[in-house]
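What the coordinates show
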Amino acid sequence: MGESAVPVLREETMSNGFTIPITGAEKTREVLNEVLKMRTRHDDVIVATYPKAGTTWLQETVWLICNNADTTFAKKTLLGDRYGWMEKSPSLPGIGLEELNTWPREQTRFIKTHLPFQLLPNELQNEAVGKLIYVARNPKDNCVSFYHFHRMNKRLPDPGPFGGFLGRFTQGNLIFGSWFEHVDKYWQMSRNRERSMYFVLYENMKKNSKNEIRKLANFLEKDLSDSQIDIIANHCAFDNMKDNDSVNYSSLVANGVFDASISKFMRKGQVGDWKNHFTVSQNEEFDDWYRKTTADSTLAFDFVL
Ligand code: PPS
């Protein structure tokens, strides 16, 4: 993201011809072009999302499923030290591309990414390898969460009033690009890669997290007892994650990247908070855009529970 004092958004075309709005153009473009060349491994575990769709929630859930529900280790080890972030800016703490490329062979790489499918490593785009979990969230709540994240994250451009931000969300003029194109491409790809790609909906996690954890464990080929599933569901419940310093990004508040006095990273964790932000006319316009944009999609979201 931004190396300059005031982060500015601009469109950049990557070495494979894919264009995307980014901030901190030079460094970000370099990193994204390097990601395309990253080598994949058959045991990689990747959590991919459009930003603010439930990345952190699923990262923690997936890690625990793969590590025998070891909440003791999880509580004392920052999520950013258990997962690499493929496109991480070198100026942010945590595991980035360089470390991922030299990760010990005998250790599973846990990786998160917000990149659209078309900017994943070429090898991963071309071949079904490892296990990729994609998380999607209804676009109204996703947009609201992204808005508050822009307000409190000093490395993102000031979002201004909500109405303008909503317009940029529907136009795809935000970092990581269009919400719909992001979600839709992963959705299409996951239809053909059932053993290596799995699609989770934030709202389903909210409705019945134990059921979703069981299905995820099945996809990840891990045997979990009922009590382990209970432990994971409880550990990953919003009220517990918000007070858990290994996942709530309090470290980025401490080093000044996030301003928690404006908005917390673990903000509300709800389905339907968009109702507190959309005016009646914004909602009508959004519904119109949504109907047209998703007309050919088989993916359906819950906007309220
Ligand atoms: S990021 O920055 O893209 O990685 O953010 P991400 O983790 O994808 O999204 C943050 C939003 O997810 C909510 N969240 C949760 N909801 C329910 N249960 C749990 N355990 C949970 N953990 C995080 C978080 O509160 C953000 O949503 P909002 O709506 O802003 O509260």
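These remarks concern the structure in this document. (Residues numbered from 1 in each chain as written. Predicted model: local features only at pLDDT ≥ 70, side-chain atom pairs only at ≥ 80, totals over all residues. Heavy atoms only, no water.)

**Points about the overall build of the protein**
What counts is decided by this rule: Strands are runs of DSSP state E lasting at least 2 residues, helices are runs of H or I lasting at least 4, and numbering of each runs from the N terminus. Here the radius of gyration uses the C-alpha set of atoms, whereas the globule reference equals 2.2 Å times the residue count to the power 0.38. Each residue is placed in one exposure class: buried if its accessible area under a 1.4 Å probe, protein chains only, is under 20% of its type's maximum, exposed if it is over 50%, and partly exposed if it falls in between. Contacts: residue pairs with any heavy atoms within 4.5 Å of one another. Each accessible area value is a Shrake-Rupley result obtained with a 1.4 Å probe; residue values ignore everything except the protein chains displayed when judging cover. In this charge count, Lys and Arg are treated as positive and Asp and Glu as negative; neither His nor the chain ends contribute. Where a charge lies is defined by one atom per residue type, namely NZ (Lys), CZ (Arg), CG (Asp) and CD (Glu).
When you go through the protein residue by residue, the secondary structure sums to 15 helices and seven strands. The C-alpha atoms of the protein give a radius of gyration of 18 Å, which matches the 19 Å a tight globule of 305 residues would have. Along the longest, intermediate and shortest principal axes, the C-alpha atoms of the protein span 50 × 45 × 40 Å. Split into buried and exposed, the 305 residues of the protein put 57% on the buried side. Contacts in the protein between residues far apart in sequence, at least 24 positions, make up 72% of those at least 6 positions apart. For the protein, the accessible surface area stands at approximately 13,900 Å², while carbon and sulfur atoms represent 47% of it. For the protein, the distance from the average position of its 38 positive side-chain charges to the average position of its 39 negative side-chain charges is 2 Å.

**Section: the environment of Val135**
Within the fold, Val135 resides in strand S6 (residues 131-136). Sequence spacing of Val135 and Phe258 is 123 residues, and the spatial spacing of their C-alpha atoms is 23 Å. Filtering out sequence-adjacent residues up to four positions away, Val135 remains in contact with Val47, Ala48, Thr49, Tyr50, Ala53, Gly54, Leu58, Val200 and Tyr202.

**Digging into the site of the ligand**
Which entries qualify depends on this criterion: Near residues are defined by distance, with any heavy atom within 4 Å of the molecule or strand qualifying the residue. Under this definition, polar contacts are N or O atom pairs within 3.5 Å; protein pairs additionally need one hydrogen-donor-capable and one acceptor-capable atom, and for neighbouring residues in sequence, both atoms have to be side-chain atoms. For this classification, Asp, Glu, Lys and Arg are treated as charged, while Ala, Val, Leu, Ile, Met, Phe, Trp, Tyr, Cys and Pro are nonpolar and the rest, including Gly, are polar.
The local shell around the ligand holds 21 residues, among which Thr55, Thr56, Ser145, Tyr202 and Lys268 are the closest. Taking His114, its side chain carries an N or O atom lying 3.3 Å from an oxygen atom of the ligand. One nitrogen or oxygen atom from the main chain of Lys268 is found 2.6 Å from an oxygen atom belonging to the ligand. Listed by contribution, the elements that provide at least two residues to the shell around the ligand are helix H2 (55-66), helix H7 (139-152) and helix H13 (238-242). Sort the elements by how many residues they give to the shell around the ligand and H2 lands first, with three residues. Here the residues of the shell around the ligand are counted per class, giving eleven nonpolar, six polar and four charged.

**Concerning helix H8 (residues 162-171)**
Selection criterion: Our arc is simply the arc of the directions from the helix axis toward the C-beta atoms.
Listed as buried for H8 are Phe162, Phe165, Leu166 and Phe169. Angularly, the buried residues of H8 cover 105° about the axis, an arc narrow enough to put them on a single face. Just past H8, the residue Gly172 takes up positive phi, approximately 75°.

Spatial relationships are all this shows, so hold off on functional conclusions.
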